[in-house]
Amino acid sequence: MEKLLEQEELELLSHQYSRKMITPLVRIILEEERKNITRGAAPSSRQEIIKKSISFIEKEYQSFIRPVINGTGVILHTNLGRAIMGEKLIKDAIDSFKGFSNLEYDLFQGKRGKRGDFVERMLAVFSQAENALILNNNAAAVFLILKTLAEGKEVIISRGELVQIGGGFRIPDILKESGAILHEVGTTNQTNLNDYQGAINENTALLLKVHQSNFSIDGFTTSVNVKELKTLAKKYHLPLVVDLGSGTFLPTEEFHLQHEPMVQEIIRGGADIVCFSADKLLGGPQGGIICGKKEYLTRIRKDPMYRTFRVGKITLTILQSTLLFYLQGRAQVSLPVWKMISMSYKDISRRCNSLAGKLKKRGVSVSCQDGISVVGGGSLPGKTLPTRLLCIESKRNIEALDQRLRLSAPAVLGRVKDGYLFLDPRTIEPEHDKKLIELICSAYQNQDEVI
């Protein structure tokens, strides 16, 4: 065992995963080797055992978080961490969270302060709301809103808005766990104002509207907009809560996408409370944001569960830098999510041709063809952006080439279809182009080797 662990290949893995993590796995390989010998098999060489050990370790610890070059064309890829931070955002934030900070300290008064106060103020200013709260995700935001304002009472919602979010979590389940009572109205494709009005009774706590941010219903459909619901809610002295899901502060139609309701637009439309994710179209860290009337948010903040869901200094620091980009008019040029969305077909095509030319010179069978990118992450479902794809052909085994790239360092993810591996430059950060060429060439030349 010691002799094996001292070999250069396994020492490298020891530095990556720690010796304590790889030793039990090497022991399993050795035990299997002993069993094979007792069955009459010829002993494997030391190098063969090392190779088996490396393969087993990499397979078992594939969930070790590492960098990925995203060539899938999905901008907000949930499985790849949704909105990427980018160098500018991290550079602006790093000084505040690499050491001590005034996270919960009032420097002017010289005493304990309010956590996240300035970030919440920025959110209130930009959303045009009275107040704001920050939690660890949007599901937590929905849960806490319902628990605080509707526990033991009815929440009226259209059947067409009973959405399921990532990981199998459903709005009705969150609503049930909050202690609120679900009161569905209308049908999947048809809900009108009379449906809501007919459901209001003495046990009604609030009206809930959930934006269909991760799916769309087309054809014979009717729904009630925020302004109409606000008129009804005001008549019966009920709060109107809107779950926007992805949530954006920029007009998506300016980027050749369909209009996605903006946070400030929904607040102006009359919503008393709006909640949304921080790591989708906002382009920040994982979090759930609540904007709205001070009277309701004060109650939510006082709920004992609020502390369970509050965020720490890293989230607040990065979110602060993210929001400053918006308030300074720099979001489109500084936040990777909007840089990728706004990238022109012409620029992508030029870059794709450059990558293809360099790969061809090194013997890779590659071409370029038109394709589509998607926003992803439960945002703008079914809407696409035109792009140019790098199309790699393997005369041997395209799946093996794809696997070798996935297991490279950094990992490279693309899309395999019709015997080709497609990579979309839109979601590949330009600074990775040189490394990407090296990885593709290496994988292409060694794709016959068993991993």
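Residues numbered from 1 in each chain as written. Predicted model: local features only at pLDDT ≥ 70, side-chain atom pairs only at ≥ 80, totals over all residues. Heavy atoms only, no water.

A. Geometry of the overall build of the protein chain. Of regular secondary structure, the protein chain possesses 19 helices and 15 strands. By principal-axis analysis of the C-alpha atoms, the protein chain measures approximately 80 × 50 × 50 Å. Going through the 451 residues of the protein chain one by one, you find that 48% of them count as buried. Put simply, 74% of the contacts in the protein chain that link residues at least 6 apart link residues at least 24 apart. Counting every atom, the protein chain has about 22900 Å² of accessible surface; 51% of that belongs to carbon and sulfur. Of note, the protein chain has its 61 positive side-chain charges centred 3 Å away from the centre of its 51 negative side-chain charges. (Helix = DSSP H or I, 4+ residues; strand = E, 2+ residues; numbered from the N terminus. Buried < 20%, exposed > 50% of the residue type's maximum accessible area, 1.4 Å probe, protein only. Contact = heavy atoms within 4.5 Å. Areas by Shrake-Rupley, 256 points an atom, 1.4 Å probe, with all protein chains shown as cover. Lys, Arg positive; Asp, Glu negative; His and termini not counted. Charge placed at Lys NZ, Arg CZ, Asp CG, Glu CD.)

B. Representation of helix 6 (residues 117–127) within the structure. Restricting attention to buried positions, one finds in helix 6 the residues Val 119, Glu 120, Met 122, Leu 123, Ala 124 and Ser 127. Those residues of helix 6 hidden inside the fold are in contact with strand 4 (131–135), helix 11 (263–268), strand 10 (288–292), helix 12 (294–302), helix 13 (305–309) and helix 14 (313–327). Trailing helix 6 by a residue or two, Gln 128 shows a phi angle of about 65°, which is positive.

C. Region of the structure containing the packing of aromatic side chains. Taken as a whole and judged by the stated rule, the model has nine aromatic pairs. On the numbers, 5.4 Å between centres and 55° between planes, the contact of Tyr 17 with Tyr 61 is tilted. In this pair, Tyr 17 sits in helix 2 (residues 8–17) while Tyr 61 sits in the loop between helix 4 (46–60) and strand 1 (68–70), placing the two residues 44 residues apart along the sequence. The exposure class of Tyr 17 is buried, given its relative accessible area of 7%. Ring plane angle 40° and centroid distance 4.8 Å describe the contact between Phe 126 and Phe 249, whose orientation is recorded as tilted. (Phe/Tyr/Trp six-rings, centres within 6.5 Å; stacked < 30°, edge-to-face > 60°.)

D. Structural view of the state of the cysteines. Scanning all chains against the criterion turns up zero disulfides. In this structure Cys 291 is not part of a disulfide, and its nearest cysteine sulfur, from Cys 275, lies 9.6 Å away. Since its relative accessible area comes to 0%, Cys 291 is described here as buried. Free cysteine: Cys 368, not disulfide-bonded; nearest cysteine sulfur from Cys 352 at 3.3 Å. According to the relative accessible area criterion, Cys 368 is buried, its value standing at 19%. (Disulfide = S-S within 2.5 Å.)

E. Representation of the sheet that holds strand 11 (residues 366–376). Pairing within the open sheet is antiparallel, and its four strands lie in the order 11-12-15-14. A single partner strand is all that each edge strand has here, and the edge strands are strand 11 and strand 14 (415–417). Going across the sheet, the axis of each strand differs from the next one's by a mean of 40°, ignoring polarity. Where strand 12 (residues 379–393) and strand 15 (residues 420–423) come together, four bridges link them in antiparallel fashion. Across the sheet, Leu 390 pairs through a bridge with Leu 423, a residue of strand 15. Strand contacts of helix 18 (residues 398–406): strand 12, strand 14 and strand 15, with the helix running at about 35° to strand 15, the strand carrying the most contacts. (Pairing = 2+ DSSP bridges. Axes fitted to C-alpha atoms, helices over the stretch in contact; angles between N-to-C directions.)

F. Region of the structure containing the side chain of Ser 277. With respect to the helices and strands, the residue Ser 277 is situated in strand 9 (residues 273–277). Take Ser 277: its relative accessible area is 5%, and that puts it in the buried class. Setting aside its immediate chain neighbours within four residues, Ser 277 contacts Asn 138, Gly 245, Ser 246, Leu 282 and Gly 287.

G. Highlighting the side chain of Asn 138. Locating Asn 138 in the fold gives a position in helix 7 (residues 138–150). Residue classification places Asn 138 among the buried residues on the basis of a relative accessible area of 10%. Filtering out sequence-adjacent residues up to four positions away, Asn 138 remains in contact with Asp 243, Gly 245, Cys 275, Phe 276, Ser 277, Gly 287 and Gly 288.

H. Representation of helix 12 in the model. Regarding helix 12, the residues found buried are Tyr 296, Leu 297 and Ile 300. Buried residues along helix 12 cover an arc of 95° about the axis, so they all sit on one side. Of the exposed residues in helix 12, the ones pointing more than 90 degrees away from its buried face are Lys 294, Glu 295 and Lys 302. Where the residues of helix 12 are buried, they touch strand 4, helix 7, strand 9, strand 10 and helix 13. (Arc of directions from axis to C-beta.)

I. The arrangement of the packing of helix 6 against helix 14 in detail. It is the contact of helix 6 with helix 14, at a shortest axis distance of 9 Å, that shows an interaxial angle of 30°. As summarised for this structure, helix 6 and helix 14 are arranged roughly parallel, according to the angle between their axes. Along this stretch, helix 6 crosses helix 14, giving a crossing that reads as left-handed. Here Phe 118, Val 119, Met 122, Leu 123, Val 125 and Phe 126 of helix 6 lie close against helix 14, whose contacting residues are Leu 316, Leu 319, Gln 320, Leu 323, Leu 324, Tyr 326 and Leu 327. (Parallel < 35°, antiparallel > 145°, perpendicular 65-115°, else oblique. Left-handed = near helix turned anticlockwise from the far one by under 90°.)

J. View of the sheet that holds strand 7 (residues 204–210). Read across the sheet, seven strands follow the order 4-10-9-8-7-5-6 without closing on themselves; strand pairing throughout is mixed. The open sheet terminates on both sides in strands that have one partner only, identified here as strand 4 and strand 6 (181–185). Between one strand axis and the next, the sheet turns by 25° as a mean value, whatever way the strands run. Pairing of strand 5 (residues 154–158) with strand 7 involves three bridges; the strand directions are parallel. Looking at the pairing, Val 155 lines up with Leu 206 of strand 7. Helix-sheet contacts for helix 12 involve strand 4, strand 9 and strand 10, and the interaxial angle to strand 4 is about 30°.

K. Structural detail: the pairing of strand 7. When you tally the buried positions in strand 7, you get seven out of seven residues, the bulk of the element. Note: strand 7 against strand 8 (residues 240–245), four bridges, orientation parallel. Across the sheet, residue Leu 208 finds its bridge partner in strand 8, namely Val 241.

So far we have only geometry, and geometry alone does not tell us how the molecule works.
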